Amino acid sequence: MRPSPFSYARPATLAEALQETARGAVPLAGGQSLIAAMRQRETSPAALVDLQHVDELAAELHWREHSLAIGARVTHATLLRDERVAATFPWLAQAVRALGDVQVRQRGTTVGNVCWADPRANMLVALSASDAVVVLQAPGQSGLQRIPIADFITGFRQTAAGTGIVLAIEVPRAAAVGAYLEFSRQRQDLALVNVCVVRQVGSARIVVGGLGERPVRLSHAETLLGARPLSAGLSANELDGLFDGLALDPPPDIYAPPRYRQQLARELLARTLKTLTEAAPHG
Ligand SMILES: Cc1cc2nc3c(=O)[nH]c(=O)nc-3n(C[C@H](O)[C@H](O)[C@H](O)COP(=O)(O)OP(=O)(O)OC[C@H]3O[C@@H](n4cnc5c(N)ncnc54)[C@H](O)[C@@H]3O)c2cc1C
């Protein structure tokens, strides 16, 4: 299907891009989600503003002392190419490796993946487990807003961006271990369920995609794991109990009923924890 008619602007500066978004234009990054949805008429924006030629939006990764900044024009392929990503954040490398195909990774951006706010999106789930922060520039405001990623996602494919443009996503660098796993019907599909666990001594973050309208945190499991050494996981009983009574509000697809998603989440979490505990030094 063809998209509904829309106007298209290709500014060279951030100020011009923000003028467009202030007038209601929707940001276009790699187009790997937005254009597909427009062709399906799932969304019909009247105006697009293409960010690809705005040099102020970084296309390279910036490694800082305490964080990694993923700029708005950084593609999945750029993330995958950087060996420091696999060394510092192996769970991000696992998530990006499982995303789409070469073409999608070449054009699609990590920021676009988060801004699309699909609760099964690989990078959204992995960055949520990384405690990442979204850096947003709103039109007409001189300062930047820094929004924790969990607060940035407000619903199924909804964010707190408003008419703003996300400049970057910042990932804190900490002495952490982590792993990402997903189950999809076939390679390149969005996951039915995906799980990312990031552990430090004394704390853990567990994020599951595909169970709710937004990625879901398993806070009880986080508390249990936070009190244990990195070499200890969760018992079978504890894993079963995590999902009892959990309110499920999965994305509207026809492929997996809630009960099946719950079973997938339990199994993926068990496997993720097994990988991490086996790799941890015992003592
Ligand atoms: C064949 C195929 C397979 C795929 N497989 C997967 C998969 O396995 N896992 C997965 O997670 N995804 C998958 N995707 C989806 C896709 O790869 C990502 O969601 C995509 O990378 C989004 O990035 P983009 O740059 O293309 O964003 P776009 O499609 O251009 O934009 C997505 C959304 O983000 C907004 N946006 C983008 N940049 C900004 C910004 N700087 N500030 C504010 N808003 C912004 C746009 O307005 C839009 O709402 C697949 C897509 C295809 C076509």
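Residues numbered from 1 in each chain as written. Predicted model: local features only at pLDDT ≥ 70, side-chain atom pairs only at ≥ 80, totals over all residues.

### Considerations on the overall build of the chain
- Helix and strand counts for the chain stand at 12 helices and 14 strands.
- By residue count, 44% of the 283 residues in the chain fall in the buried class.
- Partitioning the intrachain contacts of the chain with sequence separation of at least 6 by distance along the chain shows that 63% fall at a separation of at least 24. (Helix = DSSP H or I, 4+ residues; strand = E, 2+ residues; numbered from the N terminus. Buried ≥ 20, exposed ≤ 12 C-beta atoms within 10 Å, placed from the backbone. Contact = placed C-beta atoms within 7 Å.)

### Quick word on the site of the ligand
- Around the ligand sit 29 residues, and of these A29, G30, G108, G112 and C115 come closest.
- Sorting the residues of the shell around the ligand by element identifies β2 (26-28), α2 (34-39), α7 (110-116) and β10 (165-172) as the ones contributing at least two each.
- In terms of residues, the shell around the ligand owes the most to one element, α7, which gives five residues.
- Considered class by class, the residues forming the shell around the ligand number 18 nonpolar, 11 polar and no charged. (Near = placed C-beta within 6 Å. Nonpolar A, V, L, I, M, F, W, Y, C, P; charged D, E, K, R; others polar.)

### Here we look at the sheet that holds strand β5 (residues 67-71)
- Spatial strand order, β4-β5-β10-β6-β7: five strands in an open sheet with antiparallel pairing. Across the chains shown, the open sheet's two edge strands, defined by having one partner strand only, are β4 (61-63) and β7 (145-148). Between one strand axis and the next, the sheet turns by 25 degrees as a mean value, whatever way the strands run.
- In this sheet, β7 lies alongside strand β6 (residues 133-137) in antiparallel orientation, the contact comprising four bridges. Following the sheet pairing, V135 is matched in β7 by R146. (Pairing = 2+ DSSP bridges. Axes fitted to C-alpha atoms, helices over the stretch in contact; angles between N-to-C directions.)

### Side note on the domain arrangement of the chain
- According to the domain assignment, the chain consists of domain 1 (7-50), domain 2 (61-172) and domain 3 (177-279).
- When each unit is reduced to the centre of its C-alpha atoms, the spacing between domain 1 and domain 2 is 18 Å.
- Taken together, the contact between domain 1 and domain 2 spans 12 residues of the former and 15 residues of the latter.
- With six residues, helix α1 (residues 14-22) is the single largest residue contributor to the side of domain 1 that touches domain 2. (Domains from an automatic or database assignment.)

### Focus: the nonpolar core
- In this structure, W91, A95, A126, V166, C196 and V197 are the most contacted members of the largest nonpolar core, which totals 80 residues.
- Look past the residues within four positions of W91 in its chain and what remains in contact with it is A126, A129, G178, A179, Y180, C196 and V198. (Core = buried A, V, L, I, M, F, W, Y, C linked by C-beta atoms within 7 Å.)

### Observations concerning helix α5 (residues 90-97)
- Counting buried positions along α5 gives six out of eight residues, so the element sits mostly inside the fold.
- Tucked into the core, α5 has its buried residues touching α3 (76-81), α4 (83-88), α8 (122-129), β11 (177-183) and β12 (193-200).

### Remarks on the environment of F6
- Structurally, F6 can be placed in the segment before β1 (7-9).
- When the C-alpha positions of F6 and L48 are compared, they lie 7.0 Å apart, and in sequence the two are 42 residues distant.
- In contact with F6, not counting residues within four places along its chain, are P45, A46, A47 and L48.

### Structural notes on the pairing of strand β13 (residues 203-209)
- Within β13, six of the seven residues are buried, which leaves the element mostly enclosed by the surrounding structure.
- Two elements, β12 and β13, share seven bridges in a ladder whose sense is antiparallel. When the bridges of β13 are listed, Q200 appears paired with S203.
- Between the end of β12 and the start of β13, which pair antiparallel, lie two residues, with G202 showing a positive phi angle near 95 degrees.
- For β13 and strand β14 (residues 216-217), the ladder comprises two bridges, and the chain directions are antiparallel. Paired with V207 across the two strands is R217, which belongs to β14.
- Two successive antiparallel strands, β13 and β14, enclose a turn made up of six residues, where G210 displays a positive phi of approximately 100 degrees.

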